[in-house]
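Results of the structural survey
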Amino acid sequence: MVYRKESVFGFFKGMSFPLASIAVYNSVVFGVFSNTQRFLSQLHSREPEASPPHTLSDLLLASMVAGVVSVGLGTPVDLIKIRLQMQTQAFRESKRPGRGLVSGHL
């Protein structure tokens, strides 16, 4: 059904934006996690250069902070992906001038 209406491109509709943004998303989430871990280690240590081993509570807190950032970044990406996938018009029709992302919606 999808192939008849939209050809092979219909199977990949809505995937260009998530594929383009996944590298930025992962680097931000892992960066927040490691920087939170580093901050908590420096907070517990008396010496600025020494890094004590990470405690379970530090790992839990760093994971929670990274999770909040992950949800904040991932939700808009998923929303855009779903809206692109829900387009009902064919790919060729969407190339005509004057057409939006989703006809009548947004």
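Residues numbered from 1 in each chain as written. Predicted model: local features only at pLDDT ≥ 70, side-chain atom pairs only at ≥ 80, totals over all residues. Heavy atoms only, no water.

Looking at an unreviewed UniProt entry, one finds the chain named Solute carrier family 25 member 48 and attributed to Myotis myotis. You can read under Subcellular location (unreviewed entry) in the UniProt record for the chain the words "Mitochondrion membrane". (UniProt positions renumbered as here; feature names shortened; annotations may be inferred.)

**So, the overall build of the chain**
In terms of regular secondary structure, the chain is built from four helices and zero strands. The secondary structure elements of the chain, listed N-terminal to C-terminal, are α-α-α-α. Classification of the 106 residues of the chain by burial places 22% in the buried group. Taking all contacts inside the chain whose residues are at least 6 apart in sequence as the whole, residues at least 24 apart take part in 56%. Here the chain displays about 8,200 Å² of accessible surface, and carbon together with sulfur accounts for 67% of that area. (Helix = DSSP H or I, 4+ residues; strand = E, 2+ residues; numbered from the N terminus. Buried < 20%, exposed > 50% of the residue type's maximum accessible area, 1.4 Å probe, protein only. Contact = heavy atoms within 4.5 Å. Areas by Shrake-Rupley, 256 points an atom, 1.4 Å probe, with all protein chains shown as cover.)

**As for the UniProt feature "transmembrane region" (unreviewed entry) in the chain**
Following the UniProt record, the feature "transmembrane region" (unreviewed entry) maps to residues 12–33 and 59–80 here. Secondary structure over residues 59–80 splits into 100% helix and 0% strand, and the C-alpha atoms at its two ends are 32 Å apart.

**Considering the confidence of the model for the chain**
In regions of low pLDDT, the predicted coordinates are not meant to be interpreted in detail. With 73% of its residues at a pLDDT of at least 70, the chain reaches an overall mean of 79. The spread of mean pLDDT over the elements of the chain runs between helix α4 (residues 91–94), the lowest at 56, and helix α3 (residues 56–85), the highest at 90. (pLDDT = per-residue confidence, 0-100.)

**Quick notes on a nonpolar patch on the surface**
A cluster of nonpolar residues, Tyr3, Val8, Phe9, Phe11, Phe12, Met15 and Leu19, forms a patch on the protein surface that exposes about 800 Å² of accessible area. Within the secondary structure, Met15 sits in the loop between α1 (2–6) and α2 (16–44). (Patch = residues over 30% accessible without salt bridge, like charges linked within 9 Å, V, L, I, M, F, W, Y side chains within 5 Å. Salt bridge = Lys/Arg side-chain N within 4 Å of Asp/Glu carboxyl O.)

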